[in-house]
Amino acid sequence: MATMTSTNVPAAQGAGRAETPARSPLAGWPAVVSVMLGIFLIVTTEILPIGLLTRIGAGFAISDGTVGLMMTMPGFLAAFSAPVITVATSGVDRRLMLCVFMLLLSLANLLAAAAPGYWLVLISRVVVGVVIGGFWSISAGLAERLVPAESVGRATSVIFSAVPLGSVLGVPAGTFIGDLAGWRTAFVAMGVLSIAVLIMIVLTMPPLPPGEAAHLGVLRGMLKGVNTRFALLLTLLVVLAHFGTYTYITPFLEQVTGAGTHTITVFLLAYGAAGVVGNFLGGANVVRRPRVVFALAGALIATTTFLLPVLGRWPAGAAVLLVVWGIAYGAVPVCSQNWFTKAAPHSPEAASVLFTASFQATISLAALTAGGIVDHTSPSTVMVFGGLTAALMVPAVWSHFALRITWPDHPER
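Note that the structure is a prediction, hence the values are computed from the model and not measured. (Residues numbered from 1 in each chain as written. Predicted model: local features only at pLDDT ≥ 70, side-chain atom pairs only at ≥ 80, totals over all residues. Heavy atoms only, no water.)

Caption draft 1: Summary view of the packing of aromatic side chains. A complete count under the given rule lists 7 aromatic pairs for this structure. Measuring from centroid to centroid gives 5.7 Å for Phe60 and Tyr118, while their planes differ by 55°, and the two rings are tilted. Taken as a pair, Phe60 in helix 1 (residues 29-60) and Tyr118 in helix 5 (residues 118-139) lie far apart in primary sequence, 58 residues in all. The same class applies to Phe60 as to Tyr118, namely buried. Residues Tyr246 and Tyr271 carry aromatic rings whose centres are separated by 4.5 Å and whose planes lie at 25° to one another, so their mutual orientation is stacked. One end of the pair, Tyr246, is in helix 11 (residues 226-246); the other, Tyr271, is in helix 13 (residues 261-285), and 25 residues separate them in sequence. Looking at Tyr246, the relative accessible area reads 3%, which means it is buried. The structure contains a cluster of three or more aromatic residues connected by ring pairs, namely Phe60, Tyr118, Trp183 and Phe187. (Phe/Tyr/Trp six-rings, centres within 6.5 Å; stacked < 30°, edge-to-face > 60°. Helix = DSSP H or I, 4+ residues; strand = E, 2+ residues; numbered from the N terminus. Buried < 20%, exposed > 50% of the residue type's maximum accessible area, 1.4 Å probe, protein only.)

Caption draft 2: Local environment of the environment of Leu165. On the secondary structure map, Leu165 appears in helix 8 (residues 162-181). When neighbours within four sequence positions are excluded, Leu165 is seen to be in contact with Phe40, Gly170 and Val276. (Contact = heavy atoms within 4.5 Å.)

Caption draft 3: Layout of the nonpolar core. Grouped together as the largest cluster of nonpolar side chains are 126 residues, with contacts concentrated most on Ile39, Phe135, Phe187, Phe243, Ile249, Leu253 and Trp325. When residues in this core are grouped by element, the largest group, 17 residues, is from helix 1. (Core = buried A, V, L, I, M, F, W, Y, C linked by side-chain atoms within 4.5 Å.)

Caption draft 4: The arrangement of a nonpolar patch on the surface in detail. Side chains of Phe306, Leu307, Val310, Leu311, Trp314, Val384, Phe385 and Leu388 sit close together on the surface and give an oily, nonpolar patch of about 710 Å² of accessible area. Looking at the nonpolar patch, the elements that each hand over two or more residues are helix 14 (290-311) and helix 17 (379-391). Top element by residues in the nonpolar patch is helix 14. It accounts for 4 residues. With respect to the helices, strands and loops of the structure, Phe385 is situated in helix 17. On the basis of relative accessibility, which here comes to 45%, the residue Phe385 falls in the partly exposed class. (Patch = residues over 30% accessible without salt bridge, like charges linked within 9 Å, V, L, I, M, F, W, Y side chains within 5 Å. Areas by Shrake-Rupley, 256 points an atom, 1.4 Å probe, with all protein chains shown as cover. Salt bridge = Lys/Arg side-chain N within 4 Å of Asp/Glu carboxyl O.)

Nothing here speaks to function; it is all geometry.
Structure follows, in structure tokens:
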């Protein structure tokens with residue numbers, strides 16, 4: 001999930017909200033933090049191969065494009081599992097499901113660490129995909145069930161701040177561990193931390209009886225809406241562009257920029273820090289200017305990926321472009337989720353399911369497509385194709401405005 005969202009936009013208040021025991025205003029915040037940490041570990045696990053890509057490839061004597069399947073497998077499985085698991089477990093306590101997913105995440109990481117062959121690593125990534133699809137779909141709308149109504153927006157922001165933090169702390173830390181002790185040790189650390197978060201969820205999370213589930217009929221109804229279709233289109237374009245390029249940023253920095261492993265770790269840290277800034281900038285402005293923020297993010301991603309093959313030949317140029325790229329992509333998930341939420345204001349879980357499924361499917365498609373390109377051409381070519389794809393965001397958003405399509409909850413802006 002690789003890589004998804006932070007938002008200052010709460011889900012539709014009270015929509016499908018199940019009754020939970022009355023709690024004091026502060027009682028739900030430890031549970032909010034436990035969910036945030038769970039998402040942090042999921043995000044870090046999903047995109048950890050980006051920082052370790054060349055090391056894993058060397059360990060199994062396979063190409064960078066083949067290692068990219070570690071990014072492809074979770075996305076496709078998450079896209080499939082998000083609606084399937086949400087519907088199949090509609091009668092199960094959400095607290096229990098969160099615990100099951102964290103246990104599976106731990107087992108998947110430990111399996112990857114111990115895998116004697118690359119095929120077993122891919123199996124572990126299948127499990128990761130199931131976890132992403134299930135945990136994300138359930139947790140996206142939990143804030144309103146854990147804290148008082150006046151704190152829902154703040155709690156939602158806390159939960160999904162885990163996404164940019166996964167880039168800021170998780171991936172650089174995993175890359176650093178890989179430098180010191182090998183890539184397998186990085187996955188062991190993720191497995192141990194997943195068990196710790198599982199224990200925290202058990203201790204802090206109240207019972208969460210299932211509320212109004214995202215039944216297939218609701219999902220089919222959403223797909224008929226024009227706002228939902230635009231959300232799918234925009235998410236496809238920008239996520240395809242971003243992950244098609246960012247998945248192979250490490251080979252690019254090694255081969256084109258000539259950066260060493262420690263420099264790459266610093267670059268990824270700078271990118272992640274910029275992502276946090278972009279996340280909160282996007283969250284602060286997306287409600288008032290949803291089209292402008294989304295189009296600007298796509299335009300900046302297009303610009304930076306276009307320029308990387310030219311200016312990225314020097315470390316200073318690569319560093320500046322990665323910071324701008326991080327700011328731009330930091331706003332993308334909040335824009336995408338906001339669009340889906342507006343398309344289904346009375347079905348927050350259904351909106352979360354479609355958001356998760358579309359985002360993850362596109363991550364897989366991006367990694368798979370770019371993997372073929374990078375194996376037959378070069379990382380610079382991947383950057384150019386990503387820039388062309390991101391550039392299509394601007395006319396797509398403009399067409400939504402030109403058609404004078406309004407949002408369900410407020411007039412055209």
